[in-house]
Amino acid sequence: MGRHFDLAVVGGGPCGLYASLLASRSGIDTVLFEEHESIGSPQHCAGHISLKGIRELGLRLPQRLFRGTYRGAILHSPSGRALTLDAGEEVSASIDRRGFEIYLSDLSQSAGTTLALGERVRGARPAGGSLEIISRLRSAKCKILLDAEGYPPRLLGEMGAWSPGDYSALIGIGAEVEEAYAAREGFVELYFGRGIAPGFFAWLIPLKGGGARIGLATEGGNPRQLLDRFMRDRLIRSGRLPDRPRMVEVLPPHPIPIWRGGYKTYGNGLLVVGDAASQVKPTTGGGLFMGMRCSSMAIETAKLALSAGDWGSDALSRYERLWKGAFSLELRLMGAIRRAIFGLGDREMDALFEGLSNSALVEMANSNPEMDFQGRALLRALLNPIGFISIARAFSRPFLGALFKRGSNRRVDSR
Ligand SMILES: Cc1cc2nc3c(=O)[nH]c(=O)nc-3n(C[C@H](O)[C@H](O)[C@H](O)COP(=O)(O)OP(=O)(O)OC[C@H]3O[C@@H](n4cnc5c(N)ncnc54)[C@H](O)[C@@H]3O)c2cc1C
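Residues numbered from 1 in each chain as written. Predicted model: local features only at pLDDT ≥ 70, side-chain atom pairs only at ≥ 80, totals over all residues. Heavy atoms only, no water.

## Focus: empty space enclosed by the protein
Where we set the bar: For each structure, a 1 Å grid was placed over the protein atoms alone; sets of points admitting a 1.4 Å probe that cannot get out are labelled cavities, open sets with protein on both sides within 12 Å along at least five of seven lines are labelled pockets, and lining residues have an atom within 4 Å of a point. Grid points are joined across faces, edges and corners, and a volume is the space filled by probe spheres set on the points. Helix and strand assignments come from DSSP, with helices taken as H or I runs of at least 4 residues and strands as E runs of at least 2, each series counted from the N terminus. Note that domain bounds follow an automatic or database assignment of domains.
Taken as a whole and judged by the stated rule, the model has one cavity of 30 Å³ or more. Here the largest cavity is characterised by a volume of approximately 50 Å³. Secondary structure elements with two or more residues in the lining of the largest cavity: α7 (313-342) and α8 (346-356). Each of domain 2 (70-95 + 169-256) and domain 3 (344-404) gives at least three residues to the lining of the largest cavity.

## Concerning the pattern of salt bridges
The condition that has to hold: Throughout this description, the term salt bridge denotes a Lys or Arg side-chain nitrogen within 4 Å of a carboxyl oxygen of Asp or Glu. Exposure is judged per residue with a 1.4 Å probe applied to protein chains only, and the accessible area is read against the type maximum: over 50% gives exposed, under 20% gives buried, and values in between give partly exposed.
What the rule picks out here adds up to 19 salt bridges. Residue Glu35 is joined to Arg120 by a salt bridge in which the shortest nitrogen-to-oxygen separation is 2.6 Å. One end of the pair, Glu35, is in the loop between β2 (30-34) and β3 (48-50); the other, Arg120, is in the loop between β8 (114-117) and β9 (123-127), and 85 residues separate them in sequence. Classification of Glu35 by relative accessible area gives partly exposed; the value is 39%. By relative accessible area, Arg120 is classed as partly exposed at 42%. For the salt bridge of Asp233 with Arg232, the shortest nitrogen-to-oxygen distance reads 2.9 Å. Note on Asp233: relative accessible area 16%, which makes it buried. One salt-bridge network, held together by shared partners, links Arg71, Asp86 and Arg184.

## Some thoughts on unusual backbone geometry
The amide bond that connects Ser41 to the next residue, Pro42, takes the cis arrangement and shows omega of -5 degrees. Between Tyr151 and the following residue, Pro152, the backbone shows a cis peptide bond with an omega angle of -5 degrees. Position of Pro152 among the secondary structure elements: in the loop between β11 (141-147) and α4 (154-158). The backbone of Ser278 sits at a positive phi, close to 60 degrees, despite the residue not being glycine.

## A closer look at the confidence of the model for the protein
In regions of low pLDDT, the predicted coordinates are not meant to be interpreted in detail. Rule in force here: The predictor attaches a confidence to each residue, called pLDDT, with possible values from 0 through 100. Any two residues whose heavy atoms approach within 4.5 Å at even a single point are treated as in contact.
Across the protein, pLDDT averages 90, with 91% of residues at or above 70. Note on residues 407-415: pLDDT is under 50 here. Beyond four places in sequence and across chains, it has 21 contacts.

So this is what it looks like as structure tokens:
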């Protein structure tokens, strides 16, 4: 394939595929490199996404890709106190992630993308105003390389734009079980506690037909052992799973990047999207909506740059302004919320749940559900006097408690 492309996308995950689809649809001559022989495998994601997000991305997904839809979430505190968030109508879905990627790839190919499967890109070097892609397809060149390789971004490291010192991630693990008993139909469940998922949370997402996706993300410990313990101590004990759950599949542990500013997401002929750019919600680890939304901004920028004949660093810096304009406040606010909430010990977390029960904040969240811009929703609540008082009440006890007992119960407990 001795061709010269306008755009080379590295990585056939959701962000790379969505970017290649938008690029080809706007007439950009695009090649997509994916290191695996097929699209959609291996998989690591639970596929939970807001319905509003799917609409905003302009996707009309076929019904077969929906494995469940949800109107809310039940949050479980470390001691078992439950808090229900109920939007009163369906707001989110769990999608068949493998099928979703294959669907995007089919659309992208029909729009004109050249797919190079089984091709790991090892680097790219400048070659007379273009970039030469270093892979088995040695002769391929492109004007712009869009890096959608996921996390950690090793290729970006090879190109000197990221270093292992920038690494900041949780480790997530997921599985699908054949049979589960949802607490309430149409609700996902989240479980908090340092003994369950230190520094984050565990989940149970019921699926149509009676199964469920379960999983957790953690900042420490062995993810597989934590998952086994979560199933045994929480799900089997509470009757959510049968005594001997049958696993349909256990997905390999995978990093979930936590954004902390740092590295650039553009360069000379270079754009970086998705997990490779740490475009992931710090409070939930969800990267589908944000990564794909940022991919569309990258393609918008690439299109302008190609038509102006200038894909240098200055021209492509527009992309970073666009995506940070849309998401950096959100990333900062959600990052602060994550640090505050997941830094709590179990007793403080329980106190927070107690403070939130029956609070005006929960009512506000129910009447105005917002999955993709939680930071903005919290800001709105803070600007409302009732919301402000409710937040101050709910958060004062655990945070004052944490201040006085800092360090007393932050270790991973081994119940
Ligand atoms: C356990 C877990 C559960 C999650 N659940 C959710 C969820 O419910 N909802 C949500 O929104 N997000 C979730 N996420 C996050 C979500 O999976 C990611 O944000 C999303 O997959 C990012 O997509 P991406 O295209 O940027 O990267 P990836 O999905 O990682 O895809 C990158 C692709 O690039 C390929 N690649 C890498 N390097 C090269 C190379 N040099 N050459 C060629 N190909 C290469 C890889 O093989 C891969 O196919 C979850 C993550 C984990 C770990």
